[in-house]
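# Observations on chain architecture
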Amino acid sequence: MSKRETDEVTGVETTGHEWDGIKELDNPLPRWWLWVFWACVAYAIVYWILMPAWPGINGYTKGVMGHSDRAQVARELETLREVRGEGAARLTNATLQEIEADPDLQQYALAVGQSVFGDNCATCHGVGGAGAKGYPNLLDDIWLWDGTLDGIHQTLQVGIRSGAEGARFSQMPAFGRDQLLTSAQINDLTELVMVLSRREADQEAVGRARPIYAEQCASCHGAAGLGDHTQGAPNLTDAEWLYGASREEIRTQIWSGRNGVMPAWAGRFDDETLKALAVYVHANAGGR
Amino acid sequence: MTVVIDRTKPPEGDPAPKGPRSAAARARGKGDAGGGLYKPRTPIYPKLVQGRWRNIKWILLVLTLAVYYVTPWIRWDRPGDLPDQAVLVDFAGRRFYFFFIQLWPQEVYFITGLLVIAALALFLTSALFGRLWCGYACPQTVWTDLYIYIERMFEGDRNARMKLDASPWSINKAWRKSGKHATWLAVAFGTGGAWIFYFHDAPSLLRDFWVGQAPMTAYVSCAILTFTTYALAGAMREQVCIYMCPWPRIQGAMLDQHSLQVTYLSDRGEPRAPHKKGASWEGRGDCIDCNACVVVCPMGIDIRNGSQLECINCGLCVDACDEIMVKVGRPKGLIAYDTDAAVAARSCGEKPVYKLIRPRTLYYAGALALVGGLTLWGLATRSPLDVHVLRDRNPTFVRMQDGDVRNSYTLKIANRTFEPVTAQVAFSGVAGAQIKTPGADVTQGPVALSVEPNQVRAVRVFVTASPEALPQTNMPATFTVQAAGATQAVTTTFLSGAANAR
C-alpha cells in the first residue's frame, strides 16, 4: 500500500513505499546527474553518425568515419608483414645450417616454424608432431625419407607422391590384391617380417619366405631389411611403422600396399617459411 | 544520521502548506524555472580559516601534490636498455618498476596485497580516527582545496565571492571569472599531464608530447584527466563525496561510538545563544551561535547537527570555533576531535573514556599485520629466477630406433635480474638420462642456456633414457635450474608407457 507522507525532520515527501518500517525520502536528483544523462544521449547520437551502428535489411549504416573491422585487420596484417620483414630477410639470406647454428636466428625460426606447423601440418601430424596411423611421427629419429636438415627441407618443398615435379616417389606394391603373390606366400612373408623385427615367428614359414623376400622385397628394403631412405622404404627391423606392427597389420600392408601422400609446400609458403619449418621439424626430431 | 519520521508531533514553525509536497512542487516553490525534478547544486562558499588543522592540511596538500608531480621525474639507474625511471608502469614492456623493485605481470598478487593493505589501513584509521583519509589525503579533497585557493586568489574570500556571484556582469567580474577558470584549466592540464608520465619515460614523453609524437593513449588520458580534474575539483566538489563516492556509505560499518571524529561537544555548547560582551555565562552553553563553523565548511553542513554522511572530518570547523572561543574568552575545543561515547558520558556527568583498543581495531590491525607481513615476506624472498616445466602431453613419450624412450619438456626460465644469466639445467631421477636442446648435441651433464636480462626464455628440452633405466612406466624426475645465485628445482615425471611392453 503506498501512502505518500512528509518527513517531519527534513520536510521532504516520502516515496510512499515502506520496507519493514523503513521509508525512503523522495529527494530530487542532483542537476549534474541529469547533465551526465543528456551527455550520454548526445554521445550515442554522435556515435551513430560516426560509426557503424544501425542494422538494416540490406546491411547496416556505415557511419561517416568509414570504420571497418575488416579493413582494420587488413592494416594490422600489413604492419605485421613489415615488422616481420627483417626477420624474414635474415632467414632468406642464411643457409639452413647457419640458422641452426645461430641461437638468436634459431629461436626466431623455431617460433615461426611452430606457428606454421600448427596451422598447416598439425592436421595430419598432430599438434605435437606425434603423427597417427598412416601419418609419420616427426618426433623420433626414425625417418622414411632423408631425415637430415636438408632432406626435411627438400621433402617440405616437393612433398611425397604429391604429383609435383621432383616429388619424392616410391610405391609399395599391393602383392595380394594385384595377385603378384599368393595368399600363402604373403603369410610366409609376414612371419619373416616378424622375425626381422625380433619377434617370435614360425621358423618353417620364414624359411619358405626367404627366397620370396630376396626376389620381391630386398630391392627396396635391403637384404637385411634395414630400409632405404632414398626410396622411402621403412626399416623392417624396428617395428615402428606407419600402418602398425601387429601380424594382421603387417599382412594387410603386404596385401594391399598403402602409399601415403604429403603435399608439396613450395608454392604455398615463401622461402623463409619453408626454411623455418624445416629447422623446427629437424629440431624436434630425435637427431640425425 | 538517523531520520525518524514522527507524525505524532505537530510540524515545527514551518509555514509551508500542510500535507505532502512533491519534489516538483518544492522545485517550483523555489522558483526553479527548469521546472525539473532535478535539484541544482547549491553553491558553497567556504571561508578561509587559520589554525592548527588548516596548517596541517596545507602541509599535506603541498606534500601529496609534490609526490604526485615529482615521482615520475626521479631517475633510477638500470643497466642496458632498461628504463631509468624510478616509478614506471611499462605496459608495452609488461613491467612495473618501483625503485629497486621490479614486478612482472604474473606477480600481480603483490599489487593485490598492496590494495588489500591499503583497504585495511583505511579501515583501521577510520575505526580509530574517523575519515582522516577523506579530510586530508584524498585527491578529491586535495585538489578541491587547491582549486578553492585559486578561487580565493581571483575572487576573494567568502563574502567577496558571494557578492561577486550576485552582481551583474562587468569587466571586473569577467576577468576575475575567466582568470580563475583559466588557472583551473592549467592546473587540470598539469594534473592530466603529470599522470601520463607514470606510463612512459618522462623526459622523452614530455618532448614527444609537444611535437605531436606521443602515443594516442597519452593525449587521450591527458584530456580525460584534465576534464575530470576541472569538473570534479572546480564544479562538483562536495557532490563527488556525497553522491559519487561509495566510501561515505562503507565507513558506517567502520565507525562506532569510540571513533574519534570531528564532534560538536553538545554537552558543553548547549543551550546555544548569542552572547553579549560582559554578559554572564551562567545557565547557558558555550556556543554563541556565530555560524563560524558553518561558513568554513567545504561540505556546506552544520557540524552541530551531529556526525553525518557529508562530513569529511577535515577539522576546519575546529579551527574556526577555537578562534571564536579565544575571542570570547572560553576554553578551546567546543568543536574537537572527540567521540560520541565521550559526549554521551559527559552529558551524564561521567568521566569520558577513550578506547583505542577495541575488538574491531584489533581485528583490522591483526589483518593488516598479517597481509602486510605476507606481502613483505613474499617480496623479500622473491627469487630472481622463475622456472616452469611443461611436459609434452601429445605425445607423452616417443620411442627411438634403438629402443630408447624420449620425453620432451618445455622449460620457461624467467630471468628477473637486469643482467644476462647462464642457467645450468640438470635433469635427475632417471639413471643415464641424456638431455638435449634443439639443434644442440646430446649430453649427460647440465645444459647451459643463456637468458637475456629481464626476459623469459622458453626452451624445449629432450630427455632420452634407455628402457633398462626405466623400472616404472612413470618415473618421478626433477629439473634443477641454477642461475643468478639461485637454484630452483621443479618436479615432473618421465613417462614410458610402452617401454617395457616389448
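These figures come from a predicted structure and were not determined experimentally.

Procedures and definitions
Residues numbered from 1 in each chain as written. Chains lettered and ligands numbered in written order. Predicted model: local features only at pLDDT ≥ 70, side-chain atom pairs only at ≥ 80, totals over all residues. Heavy atoms only, no water. Helix = DSSP H or I, 4+ residues; strand = E, 2+ residues; numbered from the N terminus. Buried < 20%, exposed > 50% of the residue type's maximum accessible area, 1.4 Å probe, protein only. Contact = heavy atoms within 4.5 Å. Areas by Shrake-Rupley, 256 points an atom, 1.4 Å probe, with all protein chains shown as cover. Lys, Arg positive; Asp, Glu negative; His and termini not counted. Charge placed at Lys NZ, Arg CZ, Asp CG, Glu CD. Domains from an automatic or database assignment. Buried area = accessible area lost by both parts, 1.4 Å probe. Salt bridge = Lys/Arg side-chain N within 4 Å of Asp/Glu carboxyl O.

Bringing the overall build of chain B into the picture now. Summing up its helical and strand segments, chain B has 16 helices and 15 strands in all. Judged by the C-alpha coordinates and their principal axes, chain B covers about 110 × 60 × 45 Å. The buried share of chain B, taken over its 502 residues, is 43%. Of all intrachain contacts in chain B linking residues separated by at least 6 positions in sequence, the fraction that spans at least 24 positions is 67%. Carbon and sulfur atoms form 63% of the exposed surface of chain B, whose accessible area is close to 26200 Å². Both charge centroids of chain B, one from 54 positive and one from 39 negative side chains, sit 6 Å from each other.

Our focus in this paragraph is the domain arrangement of chain B. All names here are of chain B. Taken domain by domain, chain B holds domain 1 (43-382) and domain 2 (385-495). The C-alpha centroid of domain 2 is placed 55 Å from the C-alpha centroid of domain 1. The interface of domain 1 with domain 2 comprises nine residues on the first partner and eight residues on the second. Taken over both partners, the interface formed by domain 1 and domain 2 buries close to 770 Å², and the fraction arising from carbon and sulfur atoms is 60%. Counting across the domain 1 and domain 2 interface gives one salt bridge.

Before going further, it helps to examine the pattern of salt bridges. Residue and element names in this part refer to chain B. All chains considered together, the criterion is met by 31 salt bridges over all chains. We note a salt bridge from D286 to R268, for which the minimum N-O separation is 2.7 Å. Taken together, the residues D286 in the loop between α12 (266-269) and α13 (292-295) and R268 in helix α12 connect sequence positions 18 residues apart. For D286, a relative accessible area of 4% corresponds to the buried category. Counted as one network, the salt bridges with shared partners bring together E151, E155, R161, D165, K177, K180 and R237.

Looking now at the domain arrangement of chain A. Residue and element names in this part refer to chain A. Here chain A is described as being made up of domain 1 (1-67), domain 2 (71-162 + 263-284) and domain 3 (183-256). Taken together, the 10 residues of domain 2 in the interface contact 13 residues of domain 3. In total, about 880 Å² of surface goes out of reach between domain 2 and domain 3, with carbon and sulfur atoms giving 63% of it. For domain 2, the biggest contributors to the area lost against domain 3 are K133, L144 and W145; these three give 56% of the whole. In this structure, K133 engages E249 in a salt bridge whose closest nitrogen and oxygen atoms are separated by 2.8 Å.

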